[in-house]
Amino acid sequence: MDLKQLAERIDQHQRTGRDMDKVTIEHPSLNVNDAYDIQKMCIDFAQERGDKMVGWKMGLTSKAKQISVGVDEPIYGRLTQSMELSEPVLHMDQLIHPRVEPEIAFVLNKELGGEHVTPRDVWMATECIFPAIEVIDSRYKNFSFTLVDVIADNASSTKFILGDQAFSPYHTAWDEMGVAMYRNGEMLHSGTGAAVLGHPVRSVAMLAKMLSRTEQTIKPGMVVLVGGFTEAIDVNSGDHVEVRYEKLGSLNLDIK
């Protein structure tokens, strides 16, 4: 089994926006470590094309989601420069079945790593926090996959946008902060930061610990999307999404 060939196939589908069969159908023996190797290769290909890595994203940060897929920790993916939207517009071309979820993003000013990272360490290394929206879009048919498949597909990472205003890490109690997500004026979901591992800071600490297993760290200046505060929603061309963040204002996204 050639992991590089699998990575090349996934990378092609990520770039062209065409769906594909799950890689575990042909290769059921793939494991989580293989999947993270494939994910890294895909990002290496992107960087060879000049697409700089700018951060990380966490997924499966809800205990309910972890139980539903039979895992006891989150998963992570990588963010590149081309994934960040410079304007609040999401173009549907080269996307398959995108979904949108509300998040916040930590931006670090110090390197963070090691198997013993604590929330206190995260706070001391955090420059600021942004309201954020993440767009996920599995490359697999019918948005159906196993844990190994989704990790190999960069944890469904596709696009993200940060608010224009940064906030102090001490601006509010992030676990108590509420969000509400609207599509075309209708509120579909609401939640609080406690949905993310009990507190969003724990998500960043967990990422650092998980990366330490492969001798990686979170570098200064990198963005960390901590995980969704609510369920993701489907979007289609013509939709307008608004996320209202308690004490932070709103983020909007037009789907074209």
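Further up the page is the structure itself.
Please read all numbers here as calculations on a predicted model, not as lab measurements.

Chemist: Looking at this structure, how should I read unusual backbone geometry?
Modeler: Where the residue is not glycine, phi is negative for most of them; where a peptide bond is considered, it is trans in most cases. Residue Phe-143 is not a glycine yet carries a positive backbone phi of 55 degrees. With respect to the secondary-structure elements, Phe-143 resides in the loop between strand S5 (126–136) and helix H6 (147–152). Unlike most non-glycine residues, Leu-197 shows phi in positive territory, near 55 degrees. With respect to the helices and strands, Leu-197 occurs in the loop between strand S8 (186–192) and helix H7 (200–212). According to the relative accessible area criterion, Leu-197 is buried, its value standing at 13%.

Chemist: I would appreciate a short explanation of H7 in the present structure.
Modeler: Since the α-helix advances by 3.6 residues per turn, residues separated by three or four positions end up pointing in the same direction. With 13 residues, H7 should reach 18 Å at 1.5 Å per residue; the first-to-last C-alpha distance of 19 Å fits that figure. Turning to H7, its buried residues are Pro-200, Val-201, Ser-203, Val-204, Ala-205, Leu-207, Ala-208, Met-210 and Leu-211. Contacts from the buried residues of H7 go to helix H3 (32–48), strand S1 (53–59), strand S2 (75–80), strand S4 (99–108), helix H5 (119–125) and strand S9 (223–225).

Chemist: Honestly, the environment of Ile-133 in this entry has me stumped. Any pointers?
Modeler: One can find Ile-133 in strand S5. Along the backbone, Ile-133 and Asn-252 are 119 residues apart, and their C-alpha atoms lie at a distance of 8.7 Å. Setting aside its immediate chain neighbours within four residues, Ile-133 contacts Val-100, Glu-101, Lys-159, Phe-160, Ile-161, Val-243, Tyr-245, Leu-251 and Leu-253.

Chemist: Explanation requested: the pattern of salt bridges in the structure shown.
Modeler: Pairing between side chains of opposite charge can happen when the charged atoms of each approach one another. Within the structure shown, the criterion is met by eleven salt bridges. For Glu-26, the salt bridge is made with Arg-9, and the minimal N-O distance between the two is 3.6 Å. A residue pair is termed long-range when its members are at least 10 positions apart, and Glu-26 in helix H2 (residues 23–26) and Arg-9 in helix H1 (residues 3–16) qualify at 17 residues. The class for Glu-26 is exposed, based on a relative accessible area of 54%. Lys-141 is the salt-bridge partner of Asp-21, the closest N and O atoms lying 3.2 Å from each other. With a gap of 120 residues between them, Asp-21 in the loop between H1 and H2 and Lys-141 in the loop between S5 and H6 connect regions that are remote in the sequence. Exposure remark for Lys-141: the relative accessible area of 38% places this residue in the partly exposed category. Look at the salt bridges and you will find they share partners, linking Asp-11, Arg-15 and Arg-49 into a network.

Chemist: Help me understand the packing of H1 against H3, please; the structure alone is not making it clear to me.
Modeler: Relative orientation and spacing of two packed helices are given, respectively, by the angle between their axes and the distance between those axes. Contact geometry of H1 with H3 gives a least axis separation of 9 Å together with a crossing angle of 55 degrees. As the angle between them shows, H1 and H3 are arranged oblique. Our pair here, H1 against H3, has a crossing hand that is right-handed. Residue-level contacts link Leu-3, Lys-4, Leu-6, Ala-7, Glu-8, Ile-10, Asp-11 and Gln-14 of H1 to Asp-34, Asp-37, Ile-38, Met-41, Cys-42 and Phe-45 of H3.

Chemist: Before we go on, may I ask you to explain the sheet that holds strand S11 (residues 240–245) in this structure?
Modeler: Within a beta sheet, neighbouring strands are joined by backbone hydrogen bonds and run either parallel or antiparallel to one another. The mixed open sheet is built from five strands, whose spatial order is S3-S12-S11-S7-S8. The strands lining the two open edges of the sheet, one partner per strand, are strand S3 (89–90) and S8. Two strands pair when backbone bridges link them, and strand S7 (residues 178–183) and S8 are joined in this way by six bridges, in the antiparallel orientation. Looking across to S8, one finds that Gly-178 is bridged to Thr-192.

About the criteria used
Residues numbered from 1 in each chain as written. Predicted model: local features only at pLDDT ≥ 70, side-chain atom pairs only at ≥ 80, totals over all residues. Heavy atoms only, no water. Helix = DSSP H or I, 4+ residues; strand = E, 2+ residues; numbered from the N terminus. Buried < 20%, exposed > 50% of the residue type's maximum accessible area, 1.4 Å probe, protein only. Expected span 1.5 Å × (residues − 1). Contact = heavy atoms within 4.5 Å. Salt bridge = Lys/Arg side-chain N within 4 Å of Asp/Glu carboxyl O. Axes fitted to C-alpha atoms, helices over the stretch in contact; angles between N-to-C directions. Parallel < 35°, antiparallel > 145°, perpendicular 65-115°, else oblique. Left-handed = near helix turned anticlockwise from the far one by under 90°. Pairing = 2+ DSSP bridges.

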